[in-house]
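Architecture and fold: a report
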Amino acid sequence: MSNEALALRGPVHGTPDARRVAIGSSVGAVIETYDFIGFGTAAALYFGKAFFPGADALTGTLASFATLGVGFAARPLGGFIGGHLGDRLGRKPVLVASLIFMGLATFAIGLLPTYAQVGLLAPALLVTVRIIQGVAFGAEWGGAILMAYEHAPWTRKGKFTGMVQSGFPVGLLLANLVFLVSVHLGGSWAWRVPFLASIVLVIVGIVIRSKVPESPVFEDVKDAGQLTKAPLIEVVKHDWKNILRGIGLRIAETAGYAVSVTYMISYLNSKHLANTTETLIALCVASAIGIFATTAWGQLTDRIGRRPLYIWSCAFAVLFGVPMFLLVNTGLFVFVLATIVIAYAVCQNSLAGVQGAWFPELFRANTRSSGASLAYQISAMVSGFTPFITTILYIGLGWLGPALLFSAYAAIGLWAAISTRETWGRREREAAQKASASNVERAHA
């Protein structure tokens, strides 16, 4: 690995703003996840009755999960837009714009009328704001992760991008804590308050992100006149194999989460294996652990590489599908808690911790935003409709259907990890250490 190739990753020692950028990107991830994941919790617990009351409980759950999936289906569009603008105009503008749109759409959910108030207009409005959420969230990730990645030192990119990825469990924790409190409000306020409260986080996030400096790699590409007019076309033309690999890698994480967490909430509730308070407590504990686990997993990749951790994590998840449901089927809270913690802090967080550094390294600097965003967001369509698919499988096969689906998603990720090149292997790590030492010597000369 040449120094020229490594230089595409940014300054060897990173920038003075590296940590501040990572924290700023993470704060945005917290807010966007609070907004987006909060919808999943509300869909599992409340939206069936509020927006689809004419159906029986199972059909109402299916309808609310289908609405949840619409937002995921819209995420590739956000990835297209955000990726293109990130490669053409810079990473920072995408960060701020996506946060504004996400915040407004989420606040609007808290104001929506229910089916009892306006009939069919209620689910139509819910779908509309969900689409806006999806587009904004799709545009968010590429800009946030690339800002942290391209500001970070070569030898600590896993750690700094892991910090950004840890914003997602923070958002999950905040969302579930608010729902845990609001459940006692009763009526529609139980789901309205969490969405209305998000406006405070959005304002804080916009202030923080507006002060984050632009990516040094984008500035270098711009100064060198290497910006491409059609980055989406270029990346599909030259890196379509890496896009497909990235989709496979991501499916194991995001679709696996949709089974083990999003669907599991509904499963525990409908089978009376845990009440709403117990389920939310388990999610809060898992997400609290995940805050530190995600960063730690990312930091581990700086030492051993990206590929080995992904392979071992996917292999474990393949084997965990059936035991996961056997444990929660006991109805014992200690097993429910342990299962959700393992499913989230190990199976999901380990993969998310790798993706932050691995995905950008698969693409060239001038199409990196488009490539990483496409790979990351296209897979969201699968995960978005997974709770719906999982519910159908449960009808036909019982709990074994969702269990086998979880293992199948992990198997896809395992195959993708085996077929994807290592971007931070021993040669790259040694070359980076030499370049870092050389820079230190020159600075002291």
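In short, a report on the structure. (Residues numbered from 1 in each chain as written. Predicted model: local features only at pLDDT ≥ 70, side-chain atom pairs only at ≥ 80, totals over all residues. Heavy atoms only, no water.)

Considering the overall build of the protein chain
Across its full length, the protein chain holds 19 helices and zero strands. Taking 445 residues into account, the globule formula puts the C-alpha radius of gyration at 22 Å, and the protein chain, at 21 Å, falls close to it. Oriented by its inertia axes, the alpha-carbon framework of the protein chain measures out at about 75 × 40 × 40 Å. Here the protein chain holds 445 residues, and 58% of them are scored as buried. Considering only contacts in the protein chain between residues 6 or more positions apart, those separated by 24 or more positions represent 88%. Carbon and sulfur atoms provide 69% of the accessible area of the protein chain, an area that totals close to 16700 Å². Distance between charge centroids for the protein chain: 2 Å, based on 33 positive and 22 negative side chains. (Helix = DSSP H or I, 4+ residues; strand = E, 2+ residues; numbered from the N terminus. Rg over C-alpha atoms; globule rule 2.2 N^0.38 Å. Buried < 20%, exposed > 50% of the residue type's maximum accessible area, 1.4 Å probe, protein only. Contact = heavy atoms within 4.5 Å. Areas by Shrake-Rupley, 256 points an atom, 1.4 Å probe, with all protein chains shown as cover. Lys, Arg positive; Asp, Glu negative; His and termini not counted. Charge placed at Lys NZ, Arg CZ, Asp CG, Glu CD.)

Quick look at the pattern of salt bridges
According to the stated counting rule, one finds seven salt bridges in the structure shown. A salt bridge links Glu-150 to Arg-91; the shortest N-O distance between them is 2.9 Å. Of this pair, Glu-150 sits in helix α6 (residues 121-151) while Arg-91 sits in helix α4 (residues 91-109), and the two are 59 residues apart along the sequence. With a relative accessible area of 0%, Glu-150 lands in the buried category. Judged by its relative accessible area of 1%, Arg-91 falls in the buried class. A salt bridge links Arg-250 to Glu-253; the shortest N-O distance between them is 2.3 Å. Note that Arg-250 and Glu-253 are positioned in helix α11 (residues 231-270) at a spacing of three residues, about one turn of the helix. Considered together, Arg-250 and Glu-253 belong to a single accessibility category, that of buried residues. Several salt bridges share partner residues, and in doing so they unite Asp-87, Arg-91, Glu-150 and Arg-368 into one network. (Salt bridge = Lys/Arg side-chain N within 4 Å of Asp/Glu carboxyl O.)

Some remarks on the packing of helix α8 (residues 167-182) against helix α12 (residues 276-304)
Where α8 meets α12, the closest approach of the two axes is 8 Å, and the angle between their N-to-C directions is 160 degrees. As the angle between them shows, α8 and α12 are arranged roughly antiparallel. The two elements α8 and α12 cross, and the hand of that crossing is left-handed. Across the interface between the two elements, Pro-169, Val-170, Leu-172, Leu-173, Asn-176, Leu-177, Phe-179 and Leu-180 from α8 touch Thr-277, Leu-280, Ile-281, Leu-283, Cys-284, Ser-287, Ala-288, Gly-290, Ile-291 and Thr-294 from α12. (Axes fitted to C-alpha atoms, helices over the stretch in contact; angles between N-to-C directions. Parallel < 35°, antiparallel > 145°, perpendicular 65-115°, else oblique. Left-handed = near helix turned anticlockwise from the far one by under 90°.)

Examining empty space enclosed by the protein
Going through the model one piece at a time under the given rule, you end up with three cavities of 30 Å³ or more. Where the lining of the second largest cavity is concerned, the elements lending two or more residues are α11, α14 (333-361) and α18 (400-419). Here the lining of the second largest cavity takes five residues from α11, the largest share from any one element. (1 Å grid on protein atoms, 1.4 Å probe; cavity = no way out; pocket = protein on both sides within 12 Å on 5 of 7 lines; lining within 4 Å. Points joined across faces, edges and corners; volume = space filled by probe spheres on them.)

Interpretation in functional terms is not warranted from these geometric data alone.
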